[in-house]
Each structure stands twice: as C-alpha cells, then as structure tokens.
Amino acid sequence: MRVAFVGKGGSGKTTLSALFSRHLARSGAPVLAIDGDINQHLAEALGEEEKSAPPLGERLGEIKEFLRGTNPRITSREAMIKTTPPGRGSRLLRPLGDDELHARHVGRAGGVPLMVTGEFEESDLGVACYHSKLGAVELYLGHLADGPGEYVVVDMTAGADAFASGLFTRFDITFLVAEPTRKGVSVYRQYRDHAEQFGIRIAVVGNKVACEDDLLFLKEQVGDDLLAHLVQSPWVRAAEQGRTEGGLDALDSLEPHNRHALTILRDAVDSHPRDWDRLHRHAVEFHLRNARAWADARTGEDLAAQIDPDYVPGGTPLNT
C-alpha cells in the first residue's frame, strides 16, 4: 500500500513520515520509506543512518532503461518520460524486491529501508526543477506491483507544490499533516479541492495539538476528514535534538496517545482496498497530458503509442 505525507512546510510531515515508517517496521511489516521532499531530511528524522545509497535522481536514465524492460512500445529510454505507464514487457517490482534497482538505491536509516531522490543542488539552479528528480519516484511507483501488507511511505514536497506532477495520484491514501492554525489548514483546503477532482483519498492528521481548543479548531476547519491527532511531544523534541537512542525499540518511549495515533493511521491504510483501475486510469490520463503539452515535441514521437491497451494493472512482477 502506498502512503503519502503532505502538508505545509514546518507542519511536521517529515516527522510523521518517519514515525509512521518506524511504527510499521517495528511491527515487522515490510516497509520502504522514500524521501521525496526537496529538503531531504527524512534520513535524519528516521534516526542514525546505517547505510547510504545513491539517490534516485542521479541514475534516472538507468532506472528508465531497467523499468522499460522488453516493452516494445517504448523505443528507447530517451523516449520514456516520468508518466510512461507500464505495459507488457515492462519490469514490475515488489517493494524491496530482489532486483538491481532496490539493491543499488535502498539504504537504511533508523532500522527502516530508505530511498532518496537527492538534493536540489546548485548546478540545478536555473536549468531544472525539483520535479525532474521526483520523476524517478513517479516511475518507480508506476511500475510497483505491491500488495496488502506491503508499505511504501513517501515524504512529499511541502504545500500544494505536490500537484505540479501526476505523482499525487500514485497513492492509496494521502495523510495531510495540519497544525491547529489558519495557515496550518490552508494547505488542506488547496489539497482537498484538487484531490476531489481525481477521487484521491485524503485524511487529515492534526499535529502539535496542545489543548482542547486546538483540537476543536481542527474539527471545525476540516470536519470528518480529521482522522487522528498527535499531541505536543517531548519525545519528538528530544529526538530532534539527538537526545534519544536510535532503533525501532525507541518508539516504545513515544507518548501513548501518539503511539495510538500511529495505529489509527495504519488501520486507515489497511482498511482501504487497492483500486488498480483508478491508479492505471490516472497514469494514462497524466501521460497523455504530458505528451500533448511538451513530451511529443521534445522526443519527436507520439507518446500516446506507449499506452498498452491490453495491459492489466496489478499483474505479477516480472523479476521474481
């Protein structure tokens, strides 16, 4: 199951991404965390980095070539864009599968497997946008044949910037982290309005709730979309200051209310069945949008031809 964490900058979405990933890993569930934020702080939030791996953004061409496989509709990796959907012959992956992409790009932090997109570097200024790095994540999720009980948790870019690509449609559920302030819920309204157009499932997670008035404010502003809330956490502050021990067992010291909130989040993920048809329909829609807007002209090809009408989404991975 694919989970995104979004929210206003400073809302705590990276912290929540890390806590939820560690909560899943602590239970023994297979989980892969992906840092898709321009600030690249997820490894730090997860805890001490045990093993680093090359960023996805550095090897985008090689990733395209690998995922392309023997798909005859994709003429070259240069003709493959971030929205190119899989077809017959494409390589489909399991999270943390035994394949070269995972072997090369999965590191480990705080006991959690981690992939990163890479930082936005000075050489990118004026010539690229961060969404070019996120293209690797979009392709990865598009070629993922994950099943129930398997989790991919992505820390997304802050604010409504996540809508700058079709990546926001790649998830089973999106947790929007909101502080109990007017600014904190403003991103929720933007996200809700965009997501409703595509049937995207959103649940609000209140964060840094200090009193009953904070909770009432969130309930008034987001209504039934409020799934759970986390209270102000001395444990999180201590972790951010490096005053807690690493490892998954450290979560045992997290405040009981906040541990229970993480359980509520997991129950929400597990209770929602995967809609393969919706995922593939959105993939095709955004691919056609990009093809018409810029990709056909850039590649010199009609990229609508990359869509395989006989492809059945959610098939068995080809690299098992």
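- Under an unreviewed UniProt entry, the name given to the protein is ATP-binding protein, and the organism recorded is Streptomyces coeruleorubidus.

## Structural notes on the side chain of Thr117
Here is step 1 of the chain: Along the polypeptide, Thr117 turns up in the loop between strand S5 (112-116) and helix H5 (131-142).
Here is step 2 of the chain: There is a polar contact of 3.1 Å between the side chain of Thr117 and the side chain of Gln40.

## So, the side chain of Ser17
Here is step 1 of the chain: Counting through the fold element by element, Ser17 comes out in helix H1 (residues 13-26).
Here is step 2 of the chain: A relative accessible area of 1% means that Ser17 is categorised as buried.
Here is step 3 of the chain: What Ser17 contacts, discounting residues up to four positions off in sequence, is Phe5, Leu42, Val153, Val154 and Asp155.

## A short note on the packing of aromatic side chains
Here is step 1 of the chain: Across all of its chains, the model carries 6 aromatic pairs by this definition.
Here is step 2 of the chain: Note on Phe20 and Phe175: the rings are 6.0 Å apart at their centroids and 85° apart in plane angle, and the pair reads as edge-to-face. Here Phe20, found in helix H1, pairs with Phe175, found in strand S7 (residues 173-178); they are 155 residues apart in sequence, far enough to count as distant. This pair shows no difference in class: Phe20 is buried, exactly as Phe175 is.

## What to know about the environment of Arg189
Here is step 1 of the chain: Mapping Arg189 onto the fold places it in helix H6 (residues 182-196).
Here is step 2 of the chain: A relative accessible area of 33% places Arg189 in the partly exposed class.
Here is step 3 of the chain: Taking the C-alpha atoms as reference points, Arg189 and Val222, 33 residues apart in sequence, are found 8.4 Å from one another.

## A closer look at the pattern of salt bridges
Here is step 1 of the chain: The tally for this structure, following the rule as stated, stands at 21 salt bridges.
Here is step 2 of the chain: The residue Glu150 makes a salt bridge to Arg94 at a minimum N-O spacing of 3.3 Å. With Glu150 in the loop between H5 and strand S6 (151-155) and Arg94 in the loop between helix H3 (60-68) and helix H4 (100-105), this residue pair connects regions lying 56 residues apart in the sequence.
Here is step 3 of the chain: Residue Arg94 is classed as partly exposed on the basis of its relative accessible area, which comes to 32%.
Here is step 4 of the chain: Across the salt bridge formed by Lys208 and Glu179, the nearest N and O atoms sit 3.4 Å from each other. In this pair, Lys208 sits in strand S8 (residues 202-209) while Glu179 sits in the loop between S7 and H6, placing the two residues 29 residues apart along the sequence.
Here is step 5 of the chain: The class for Lys208 is partly exposed, based on a relative accessible area of 29%.
Here is step 6 of the chain: A relative accessible area of 15% means that Glu179 is categorised as buried.
Here is step 7 of the chain: It is possible to trace a salt-bridge network through shared partners that takes in Arg2, Asp146, Asp172 and Arg274.

## Some words on the sheet that holds strand S9 (residues 226-231)
Here is step 1 of the chain: Judged by pairing direction, the sheet is mixed, and its 9 strands sit side by side in the order S3-S4-S5-S2-S6-S1-S7-S8-S9 without closing on themselves. Every other strand in the sheet has two partners, leaving strand S3 (49-51) and S9 as the edge strands with one partner each. Between one strand and the next, the sheet's axes are offset by a mean angle of 30°, whatever the strand orientation.
Here is step 2 of the chain: One ladder, built from 4 bridges, connects S8 with S9; its direction is parallel. Its bridge partner being in S9, Val204 is matched across the sheet by Leu226.
Here is step 3 of the chain: The sheet contacts of H1 involve strand S1 (2-7), strand S2 (31-35), S5, S6, S7, S8 and S9, and relative to S6 the element is tilted by about 165°.
Here is step 4 of the chain: Packed on one face of the sheet, helix H9 (residues 256-270) meets S1, S6, S7, S8 and S9 and runs near 155° to S9.

## A word on the packing of H6 against helix H7 (residues 212-222)
Here is step 1 of the chain: Where H6 contacts H7, the axes come no closer than 11 Å and their chain directions differ by 25°. Between H6 and H7, the angle falls in the class roughly parallel. The two elements H6 and H7 meet at a crossing, and its hand is right-handed. In this structure, H6 uses Arg182, Val185, Tyr188 and Arg189 to contact H7, whose residues at the interface are Phe217, Leu218, Gln221 and Val222.

## Points about the packing of H1 against H9
Here is step 1 of the chain: The geometry of H1 relative to H9 is characterised by a closest axis approach of 10 Å and an angle of 75° between their N-to-C directions. The pairing of H1 with H9 is recorded here as roughly perpendicular in orientation. Residues Leu16, Leu19, Phe20, His23 and Leu24 of H1 form the contact with H9, whose own contacting residues are Arg259, Leu262, Thr263, Leu265, Arg266 and Val269.
Here is step 2 of the chain: Class assignment for the residues of the contact of H1 with H9 results in 7 nonpolar, 2 polar and 2 charged.

Here is what the cut-offs are and how they apply
- Residues numbered from 1 in each chain as written.
- Predicted model: local features only at pLDDT ≥ 70, side-chain atom pairs only at ≥ 80, totals over all residues.
- Heavy atoms only, no water.
- Helix = DSSP H or I, 4+ residues; strand = E, 2+ residues; numbered from the N terminus.
- Polar contact = N/O pair within 3.5 Å; in protein donor to acceptor, adjacent residues only side chain to side chain.
- Buried < 20%, exposed > 50% of the residue type's maximum accessible area, 1.4 Å probe, protein only.
- Contact = heavy atoms within 4.5 Å.
- Phe/Tyr/Trp six-rings, centres within 6.5 Å; stacked < 30°, edge-to-face > 60°.
- Salt bridge = Lys/Arg side-chain N within 4 Å of Asp/Glu carboxyl O.
- Pairing = 2+ DSSP bridges.
- Axes fitted to C-alpha atoms, helices over the stretch in contact; angles between N-to-C directions.
- Parallel < 35°, antiparallel > 145°, perpendicular 65-115°, else oblique.
- Left-handed = near helix turned anticlockwise from the far one by under 90°.
- Nonpolar A, V, L, I, M, F, W, Y, C, P; charged D, E, K, R; others polar.

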